[in-house]
Amino acid sequence: MDQRSVINHRYVGRFAPSPTGPLHFGSLVTALASYLDARANGGKWLVRVEDLDPPREVTGSSALILEQLRALGMDWDGDVLYQSTRLGAYESTLEQLEHRKICFHCDCSRQRVSGLQGIYDGRCRNRGLNSAPGLASRLKIRPETIRFTDGIQGDYAQNLEHEVGDFILRRKDGLFAYQLAVVADDAEQEITHIVRGYDLLSSTPRQIYLQQLLGLPTPSYAHIPIIVNALGQKLSKQHFAEPIDLKNASSLLISALQFLGMTPPPSLIGAAPVSLVTWGAEHWDIQRVPKLAKMTR
Ligand code: GLU
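Presented here is an overview of the structure given in this document. Bear in mind that the values here come from a model prediction, so they are computed numbers and not experimental data. (Residues numbered from 1 in each chain as written. Predicted model: local features only at pLDDT ≥ 70, side-chain atom pairs only at ≥ 80, totals over all residues. Heavy atoms only, no water.)

## Let's talk about the sheet that holds strand E5 (residues 136–139)
Here is step 1: Taken in spatial order, the three strands line up as E4-E5-E8 in an open sheet, and their pairing is antiparallel. Strands at the two margins of the open sheet, each flanked by one partner only, are strand E4 (103–106) and strand E8 (168–170). Adjacent strand axes in the sheet meet at a mean angle of 40° when their direction is disregarded. (Pairing = 2+ DSSP bridges. Helix = DSSP H or I, 4+ residues; strand = E, 2+ residues; numbered from the N terminus. Axes fitted to C-alpha atoms, helices over the stretch in contact; angles between N-to-C directions.)

## So, the nonpolar core
Here is step 1: By size, the foremost hydrophobic cluster in this structure holds 50 residues, and its most contacted members are Phe25, Leu28, Leu32, Trp45, Leu69, Met74 and Trp284.
Here is step 2: Broken down by secondary-structure element, the contributors of at least two residues to this core are helix H1 (25–40), strand E2 (44–49), helix H2 (61–71), strand E10 (220–224), helix H8 (249–259) and helix H9 (273–283).
Here is step 3: Top contributing element to this core by residue count: H1, with ten residues.
Here is step 4: Leaving out residues up to four positions away in the same chain, tryptophan 284 has contacts with Ala33, Leu36, Asp37, Ala40, Leu260, Met262 and Val289.
Here is step 5: Listed in part, the 31 residues of the second largest apolar core include Cys103, Val183, Leu214 and Tyr221. (Core = buried A, V, L, I, M, F, W, Y, C linked by side-chain atoms within 4.5 Å. Buried < 20%, exposed > 50% of the residue type's maximum accessible area, 1.4 Å probe, protein only. Contact = heavy atoms within 4.5 Å.)

## Focus on the pairing of E4
Here is step 1: Residues Cys103 and His105 line one face of E4 and the alternating positions Phe104 and Cys106 line the opposite face, and both faces are buried.
Here is step 2: The pairing of E4 with E5 spans four bridges and is classified as antiparallel. In the strand pairing of E5, histidine 105 is matched with serine 137.

Printed below as a string of structure tokens:
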């Protein structure tokens, strides 16, 4: 029997777009890498819409992203999870940590922290500020080095005290921090394998640290190079990356496969998206993904 037709219950992957605009070439490559790794391993592939930050959200983009994924031949398993439906779960995750007295409130301004190169110096750690609107919640970290082996980038280590500092779990505006939400959701969805962009590699130790504190399993991680423009900027809405034009779905998928180290044969030029992603899953080898932080389009 073809191994790929057997469902691998030990593999659950996910793509977790933020609905800040339609997919562009960079987010297409990330979606494709996580999709191919899941399908090549006979695993499930889930989609989670990270709509945690209403001010940054662009109306209509969640629906558009889902439509784009479908048109690109990447169908997901089960229902889409929306972070906006999970606020109660984030609240109780935060409470668990607060009860252990490993959180504190903080009134430091963004300017102050950026003046510290983003590495929080613990100013509010022992000030005993009471919970109040307009204060952030931070986690008191132990001076610990977190190590893990990334499926693409290899061994990675980060000293949380020197490279990050006590990090935010709930922001001053009351919104839950990405680090807290992503850990709660990866556990809730029983994610076993995470394939995402290199820009999140340095967030991974914070996520592993939180998983350890909360007694949650740590998934396997693999970080693909991010796609940058000729100026070296990550393709993103802020840098005016063009949305995917579905009229070019086939050629965009071919070039995304090439970025991921694959060589689709000329006979696939112009093929339907489903044929391209099926070919991709059959030929996927994560070790061929370039071990780079970024690649220029
Ligand atoms: N929502 C994040 C983004 O769009 C991805 C988070 C993740 O994959 O952990 O950059």
